[in-house]
Amino acid sequence: MQKRQSLIASEKQEGDWISYRDVYRLMIRFEKYGKPKQFIQNNYQITPLDRRASLDDLHLVLNGKTVRLNLPIDGVGRVAIPLLKTAYDENAELSLNRKTNLFSFQTRISIIVRADGIYETGDLQTACEQALNYLRYTGEVSSSGKKCTGVKFSYAKNAGDVAVSFRSNGKLTPLPVRDGPAFSDDAATFKTVSYRFADWPERGQIIIQNAPIAIAALFD
């Protein structure tokens, strides 16, 4: 995605900080987006350029004249960025405790994880369409040539038993677990389970034993 790469370059700053105003302008687009988005979320993502590097002990802090917030980073590097007018007006900084040139920075659309671990297949198809429509709106995916083909559930590489199953007519069928990136353009490796719409009956449920770190929409 060339547009995403250009966004990364424009957001990087000298030193160990990122302009909050630049990130705010990216994140506010999702808030103002008027089409359906109840199944998706928009986060800021920090990912190591070296696939061997770890996110352990990586910290991001919002620093302004009157604002200071520690912003948690999840297992795939995503951060929920608060939209604060005060921090924007103060030209606050997002301070990283490592060198910024070791990471890529981008917005990341993903599917919201359900607490109960039960996903209607129709809702997952709708979520995928919502993600694709938003990325078309921002120009990160071309307006034609891409279609939703499924979703991918990702877990930590050292996660224990990963159980994701398709349920229909009372029957549970496990989906295979494979190593791979949580998102197609990431370098890090996770345990992943892909649910491809065309490979299964139209109606059913995806049942998950343990909550995934992330759920990505799949486009082809």
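For the structure itself, consult the block above.
None of the values given here were measured: they were computed from a predicted structure.

Participant: Would you mind showing me how to read the overall build of the protein here?
Facilitator: Scanning the protein for helices and strands turns up four helices and 15 strands. Expected size for 220 residues packed as a compact globule is a radius of gyration near 17 Å; at 18 Å, the protein falls within 12% of this value. Projected onto its principal axes, the C-alpha coordinates of the protein cover approximately 60 × 40 × 30 Å. Within the protein, the proportion of its 220 residues that are buried is 45%. Intrachain contacts of the protein at a sequence separation of at least 6 include 75% that bridge at least 24 residues. In the structure as shown, the protein presents an accessible area of about 11,600 Å², 48% of it carried by carbon and sulfur atoms.

Participant: I keep staring at helix H2 (residues 20–32) and nothing clicks. Help me out?
Facilitator: What sets the pattern is the α-helix's 3.6 residues per turn: residues three or four places apart point alike. For H2, built from 13 residues, the straight-helix expectation of 18 Å at 1.5 Å per residue is met to within 8% by its first-to-last C-alpha distance of 18 Å. Of the residues making up H2, those classed as buried are Tyr20, Val23, Tyr24, Leu26, Met27, Ile28 and Phe30. N-capping of H2 is provided by serine 19, with a side-chain oxygen placed 3.3 Å from the backbone N of arginine 21.

Participant: Just to check I follow, could you spell out the packing of aromatic side chains for this structure?
Facilitator: Two aromatic rings, taken as a pair, are described by how far apart their centres are and by the angle between their planes. One pass over the structure, following the stated rule, counts eleven aromatic pairs. Judged by centre distance (5.8 Å) and plane angle (40°), the ring pair of tyrosine 134 and tyrosine 137 falls under tilted. Note that tyrosine 134 and tyrosine 137 are positioned in helix H4 (residues 121–138) at a spacing of three residues, about one turn of the helix. Residue tyrosine 137 is classed as partly exposed on the basis of its relative accessible area, which comes to 49%. Grouped by ring-pair contacts, the aromatic residues Phe30, Tyr33, Tyr134 and Tyr137 constitute a single cluster.

The rules behind each value
The written sequence of each chain sets the order in which its residues are numbered from 1. Residue-level local features of this predicted model are given only where pLDDT is at least 70; pairs of side-chain atoms are given and counted only at 80 or more, and the full residue set underlies all totals for whole chains, interfaces and linings. Calculated side-chain values reflect all of the structure's heavy atoms, with hydrogen atoms and water omitted. Secondary structure elements follow DSSP: runs of H or I of four or more residues count as helices, runs of E of two or more count as strands, with numbering from the N terminus. Each radius of gyration reported is based on C-alpha atoms, and the globular scaling rule is 2.2 Å times the count of residues to the power 0.38. Three labels apply to residues, based on accessible area from a 1.4 Å probe with only protein chains included: buried if under 20% of the type maximum, exposed if over 50%, partly exposed otherwise in between. For this analysis, residues touch if any pair of their heavy atoms sits within 4.5 Å. Using the Shrake-Rupley algorithm and a 1.4 Å probe, accessible areas are obtained, with residue cover drawn only from the displayed protein chains. Expected helix span is computed as 1.5 Å times (number of residues minus one). Any N or O atom pair separated by 3.5 Å or less is treated as a polar contact, with the protein-specific requirement of one donor-capable and one acceptor-capable atom, and with residues adjacent in sequence counted only for side-chain atom pairs. Ring pairs are drawn from Phe, Tyr and Trp, using the six-membered ring of Trp, whenever the two centres fall within 6.5 Å, and their geometry is named by plane angle: stacked under 30 degrees, edge-to-face over 60, tilted for the rest.

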